[in-house]
Protein chains: 2
Amino acid sequence: MIRRIPSARERGIPDATVARLPVYLRALNGLAERGTATVSSEDLALAAGVNSAKLRKDLSHLGSYGTRGVGYDVQYLIYQISRELGLTQDWAVAIVGVGNLGRALANYGGFVSRGFRVAGLLDADPGVVGDRIAGLVVEHIDGLESVILNRGVSIVVIATPAAAAQQVADRVIAAGVTSILNFAPVVLTVPDGVDVRKVDLSIELQILAFHEQRKVTGGAMLPEDWAGEVG
Amino acid sequence: MIRRIPSARERGIPDATVARLPVYLRALNGLAERGTATVSSEDLALAAGVNSAKLRKDLSHLGSYGTRGVGYDVQYLIYQISRELGLTQDWAVAIVGVGNLGRALANYGGFVSRGFRVAGLLDADPGVVGDRIAGLVVEHIDGLESVILNRGVSIVVIATPAAAAQQVADRVIAAGVTSILNFAPVVLTVPDGVDVRKVDLSIELQILAFHEQRKVTGGAMLPEDWAGEVG
DNA sequence: GTCCCCTTGTGAACGGATGCACAAAGTGGG
DNA sequence: CCCACTTTGTGCATCCGTTCACAAGGGGAC
Ligand SMILES: NC(=O)c1ccc[n+]([C@@H]2O[C@H](COP(=O)([O-])OP(=O)(O)OC[C@H]3O[C@@H](n4cnc5c(N)ncnc54)[C@H](O)[C@@H]3O)[C@@H](O)[C@H]2O)c1
Ligand SMILES: NC(=O)c1ccc[n+]([C@@H]2O[C@H](COP(=O)([O-])OP(=O)(O)OC[C@H]3O[C@@H](n4cnc5c(N)ncnc54)[C@H](O)[C@@H]3O)[C@@H](O)[C@H]2O)c1
């Protein structure tokens, strides 16, 4: 029986937990700003919009940072989660594609406040190159590799049209980047070891539309009645 | 006591499947543009970046629309998925908060092309109200309820600062809206029956940072930890 | 020091999602 | 008409995530 041992994740934190840690962090920062020193899993879960047992299990993956009978020290937990997420260091981010969306992202203040620093803005359009946005000058896409290497960029945000996204991804990966946040509505093909996360407005709207349609038709008529009605 | 079913499945389509249908649809549209008439689950799965068994199981939830030995008719499948997602009808969307992000969204062409129509832009800032963006005039937030009711808005996009988001949500829900797409970095509290989806740049970056840190520090890293996760 | 109360951390049951593997079903060639 | 080939649709085993429920542990009152 050469079956992989279940304990495969060394110090492994489940993906679902990782995805929630930023939410907890945000809630904790809110509490800290209001001067709260300690918080129970119940209260923190409420602020984060999750079940308290889930919250406790999530935090238990980081270690035993709570005090039974009391709760969690807000500042200490902020520090532990930040460290776990890698936010105690500074991440250089480059934004490729400085159109409507790229400009909004470049101007977004929430970036800097959390350990992320926009280190470069790149675009292919000569009419855009040279523009000054949020204190940075847009550079030509030809300099992509040198921007990445010289400024220690480790995360790239792609905000180009869909047609250009794969090509941009290939180049930044070749330059050593292994973390990509993709806004273009296209499935990127990347080698193993490269992390791609996507933000897709269109998909989110379609999911909402699906549920919305259910609500409308749900009470009124049977879903089967719709089959073959349109077209 | 009759308890309301939490969500999603009326005719029983799993949430995970619903979230992938838009991806399949996009891949199918790409194939259709290139003149492909039929496609196998293997090829479509490749284009959508998923496992072919998963794709077949997903499609089986809609019905039996494939032909064994042949594959799926591209046009027919596009129609069936569109219908299932509710894209054969027109959805009126209002965008609340017309700042950097709200403008980018308003200018986004991908909106209209898929059954969604921007029916209103609203903002609280008198300096912004009256601006013309993508053919629409920004209206004052005071008119929120009348815009929703008079134009049949059923989906609201919130792109205000975090501090205003809950208040905006409360108002649109009171006006009858049950589908919200939230860009503000805050957990919205809503009653049962209201669907909220969020897009959070900051969270996505923090998740990337987590994995990136693992790569850098991790001699103790296992392949499972960085397997690409394109949804 | 002792006891009571509170909250954490986790074992265990459950349910949903994934992917393998194959029978069922349809096509086309001879 | 039959057979070989292709691909769908799905039963099943497994894995991952969620939630309940409670024992274990710590704090504070007296
Ligand atoms: N605007 C939105 O709200 C929104 C919403 C969801 C998704 N998106 C997606 O985000 C992407 C950007 O949207 P946008 O509205 O900003 O588009 P845009 O056309 O305004 O901007 C795209 C920019 O990318 C640049 N570009 C093109 N090819 C390039 C290349 N090879 N290298 C570098 N830069 C290149 C263009 O010069 C342009 O400045 C698109 O894929 C779009 O589908 C946008
Ligand atoms: N810009 C980005 O790339 C980006 C990225 C991620 C998240 N966000 C979030 O999206 C939201 C908007 O970001 P932004 O950069 O466009 O901010 P912004 O400040 O440029 O725009 C916010 C707009 O909302 C309006 N507003 C304020 N209160 C309002 C109210 N009660 N009702 C209606 N309108 C109101 C303001 O007048 C302003 O025009 C913020 O919550 C931000 O954190 C933005």
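Residues numbered from 1 in each chain as written. Chains lettered and ligands numbered in written order. Predicted model: local features only at pLDDT ≥ 70, side-chain atom pairs only at ≥ 80, totals over all residues. Heavy atoms only, no water.

Caption draft 1: Layout of the site of ligand 2. Lining the immediate environment of ligand 2, one finds 22 residues, of which Asn 100, Leu 101, Asp 123, Ala 159 and Thr 160 of chain B sit closest. Those chains with residues close to ligand 2 are chains A and B. In the model, an oxygen atom of ligand 2 is placed 3.3 Å from a nitrogen or oxygen of the Tyr 108 of chain A side chain. The contact in question runs from an oxygen atom of ligand 2 to an N or O atom on the backbone of Thr 160 of chain B, over 2.6 Å. In isolation ligand 2 offers 820 Å² of accessible surface; the protein chains occlude 81% of this area. Contributions of two or more residues to the shell around ligand 2 are made by α5 (100-107) of chain A together with α5 (100-107) and α7 (162-174) of chain B. (Near = heavy atom within 4 Å. Polar contact = N/O pair within 3.5 Å; in protein donor to acceptor, adjacent residues only side chain to side chain. Areas by Shrake-Rupley, 256 points an atom, 1.4 Å probe, with all protein chains shown as cover. Helix = DSSP H or I, 4+ residues; strand = E, 2+ residues; numbered from the N terminus.)

Caption draft 2: View of the packing of aromatic side chains. All names here are of chain B. A full pass over the atoms with the stated rule returns 2 aromatic pairs over all chains. With 5.5 Å between their ring centres and 80° between their planes, Tyr 65 and Tyr 76 make a pair best called edge-to-face. On the criterion of sequence distance, the pair formed by Tyr 65 in the loop between α3 (52-60) and β2 (66-67) and Tyr 76 in helix α4 (residues 74-85) is long-range, its members being 11 residues apart. We classify Tyr 76 as partly exposed; its relative accessible area is 40%. (Phe/Tyr/Trp six-rings, centres within 6.5 Å; stacked < 30°, edge-to-face > 60°. Buried < 20%, exposed > 50% of the residue type's maximum accessible area, 1.4 Å probe, protein only.)

Caption draft 3: Highlighting the protein's contact with DNA strand D. The environment of DNA strand D is made up of 27 residues, and the closest members are Arg 20 of chain A together with Ser 41, Arg 56, Arg 68 and Tyr 72 of chain B. Sugar plus phosphate: this is where 66% of the atoms of DNA strand D within 4 Å of the protein reside. Between DNA strand D and the protein, one listed contact pairs a phosphate oxygen with a side-chain N or O atom of Lys 54 of chain A at 3.5 Å. The separation between a base oxygen of DNA strand D and a polar side-chain atom of Lys 57 of chain B is 3.1 Å. Only α1 (15-33) and α3 (52-60) of chain A together with α3, β2 and β3 (71-73) of chain B provide two or more residues apiece to the surface near DNA strand D. Considering each element in turn, the surface near DNA strand D owes the most residues, 4 residues, to α3 of chain A. The residue makeup of the surface near DNA strand D, split by class, is 7 nonpolar, 11 polar and 9 charged. (Nonpolar A, V, L, I, M, F, W, Y, C, P; charged D, E, K, R; others polar.)

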